[in-house]
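In case you want the letters, here they are:
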Amino acid sequence: MNRPDAPAGPPRWLLVMLAAGISLLVAAVLVMLLDLGGVDRLSRGGFFVLVVVSAVIGGSLMRVLAPRLPPVRRPPRG
C-alpha cells in the first residue's frame, strides 16, 4: 500500500533518537562546564534544571537540523 502522505524525510523514531543523543551530549558539556566552574555537587533541583535545559536545547537543535537531513529510502513492501 502506498501512503502518499508519508513524509519524505527520516522516520520519526530516528529523529527522536537523534534528539535524545544531542540532549545527552549537551548535558555532558554542561556537566563539564560546571566542573570547570568549580561545582562539585548538584542539588536535586539543579540536576532537574540541567536535564530540562539539555532536553530543550537538544530538541531545538533537532528541529533546526531535521529539515536538512537527507530522505531515507525505504524498500518497497511486498
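Parameters and conventions
- Residues numbered from 1 in each chain as written.
- Predicted model: local features only at pLDDT ≥ 70, side-chain atom pairs only at ≥ 80, totals over all residues.
- Heavy atoms only, no water.
- Helix = DSSP H or I, 4+ residues; strand = E, 2+ residues; numbered from the N terminus.
- Buried < 20%, exposed > 50% of the residue type's maximum accessible area, 1.4 Å probe, protein only.
- Contact = heavy atoms within 4.5 Å.
- Core = buried A, V, L, I, M, F, W, Y, C linked by side-chain atoms within 4.5 Å.
- Expected span 1.5 Å × (residues − 1).
- Arc of directions from axis to C-beta.

*Asks:* With reference to specific residues and values, describe the side chain of Ser54.
*Replies:* Here Ser54 is to be found in helix α2 (residues 44-65). Classification of Ser54 by relative accessible area gives buried; the value is 4%. Contacts of Ser54, omitting those with residues within four sequence positions, involve Ser23, Val26, Ala27 and Leu30.

*Asks:* Kindly report on the nonpolar core, identifying the contributing residues and their values.
*Replies:* General note: in soluble globular proteins, nonpolar side chains tend to be found buried as a group. Among the nonpolar cores identified, the biggest contains 5 residues, and these are Ala19, Ile22, Val26, Met62 and Ala66. The biggest single contributor to this core is helix α1 (residues 12-36), with 3 residues. Not counting chain neighbours up to four residues away, the residues in contact with Val26 comprise Ser54 and Ile57.

*Asks:* If you had to explain α1 to someone new, which residues and values would you point to?
*Replies:* Taking 1.5 Å per residue as the helical rise, α1 with its 25 residues ought to reach 36 Å, and the 36 Å between its terminal C-alpha atoms agrees with that figure. Within α1, the full set of buried residues consists of Ala19, Ile22, Ser23, Val26 and Ala27. At its buried positions, α1 is contacted by α2. Positioned one or two residues after α1, Gly38 has a phi angle of 95 degrees, which is positive.

*Asks:* Lay out the environment of Leu50 in plain terms, naming residues and giving numbers.
*Replies:* Mapped onto the elements of the fold, Leu50 is located in helix α2. Residue classification places Leu50 among the buried positions, given a relative accessible area of 10%. When the C-alpha atoms of Leu50 and Ala28 are compared, they prove to be 9.8 Å apart, with 22 residues separating the residues in sequence. Aside from chain neighbours lying at most four places away, what touches Leu50 is Ala27, Leu30, Val31 and Leu34.

*Asks:* Can you tell me about α2, naming the residues and giving the values?
*Replies:* Compared with the 32 Å implied by 1.5 Å per residue over 22 residues, the 31 Å span of α2 between its first and last C-alpha is a close match. Within α2, burial applies to Leu50, Ser54, Gly58 and Met62. Viewed along the axis of α2, the buried residues span an arc of 90 degrees, placing them on a single side of the element. Turned more than 90 degrees away from the buried face of α2, the exposed residues are Phe48, Val56 and Arg63.

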